[in-house]
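Notes for the structure review
Chain by chain, the residues:
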Amino acid sequence: MRASLAAAGIALLTLAVFAQTLHHDFLRYDDPIYVTDNPMLRDPLTPASVARAFRAPYEDNWIPLTWISLQLDAAIYGLDPAGYHATNLALHLLAALLLLLALTRATGDPAPSAFVAAVFAVHPLHVESVAWIAERKDTLSAVFFALALWLHAGYARRPSPARYLAVLVAAALGLLAKPMLVTLPFVLLLLDAWPLRRLGKAS
């Protein structure tokens, strides 16, 4: 029950801060490159376009999952910026809720976990990621980052090949959204040190 209340509170807080972005337009900086002038978004979302996202880097960025997510938005919303902003907001909220679940699973203490997740949700450093459509790579990769933390905490409690593979898949998907997730293994090591206290123990 406490976790449900915390999740509801974080959701309301996030919407209160970021719902205003639904009324924002595209920005002139990078949004044309990523969305309005992006030739990849003009074609329907098909297996061929998905393969192209993996095969052909665009603007020197190999972030295929991000391109696929933007192409899906383009198929649904066309050039209505509200839809793209709504997706960014939804992804950010999902990342915050997954972080709440991950920290609660790792520490067993929902109260400080909720505080950390709430700070993550409304921290000023995330304004750019949520309000700027071209920063889709941030919000999308954050979802898989938090998911990997949650899965790793579960693996730490009950190790198995399937749980280990799930962590690897989440990490790989995050890397396909933004290469910055190369830092994830170091974060998992920090979790292993505390609060999971796995360092020095056999898995």
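Quick caveat, the model's predicted, so the values are computed rather than measured.

The next point concerns the environment of Val 116. In this structure, Val 116 sits in helix H6 (residues 110–122). Among the residues examined, Val 116 registers a relative accessible area of 40% and is labelled partly exposed. Along the backbone, Val 116 and Leu 99 are 17 residues apart, and their C-alpha atoms lie at a distance of 8.4 Å.

Residues Leu 65, Leu 140, Leu 149, Leu 184 and Leu 188 are the most contacted members of the largest nonpolar core, which totals 28 residues. Those elements giving two or more residues to this core turn out to be helix H5 (81–107), helix H8 (136–157), helix H9 (161–177) and helix H10 (184–193). Looking at this core element by element, the count peaks at eleven residues for H8. Once residues within four sequence positions are removed from consideration, Leu 65 is found in contact with Leu 140, Phe 144, Leu 173, Leu 176 and Ala 177. Within the second largest apolar cluster, 16 residues are counted, among which are Ala 53, Leu 70, Ala 74 and Ala 134.

Here we take up the packing of aromatic side chains. Each pair of aromatic rings is reported with the distance of its centres and the angle of its planes. If you walk through the whole model with that rule in mind, you get seven aromatic pairs. With centroids separated by 5.5 Å and ring planes inclined at 50°, the aromatic side chains of Tyr 155 and Tyr 164 adopt a geometry described as tilted. Classification of Tyr 164 by relative accessible area gives partly exposed; the value is 45%. Through a chain of ring-to-ring contacts, the aromatic side chains of Phe 26, Tyr 77 and Tyr 84 assemble into a single cluster.

What counts and what doesn't
- Residues numbered from 1 in each chain as written.
- Predicted model: local features only at pLDDT ≥ 70, side-chain atom pairs only at ≥ 80, totals over all residues.
- Heavy atoms only, no water.
- Helix = DSSP H or I, 4+ residues; strand = E, 2+ residues; numbered from the N terminus.
- Buried < 20%, exposed > 50% of the residue type's maximum accessible area, 1.4 Å probe, protein only.
- Core = buried A, V, L, I, M, F, W, Y, C linked by side-chain atoms within 4.5 Å.
- Contact = heavy atoms within 4.5 Å.
- Phe/Tyr/Trp six-rings, centres within 6.5 Å; stacked < 30°, edge-to-face > 60°.

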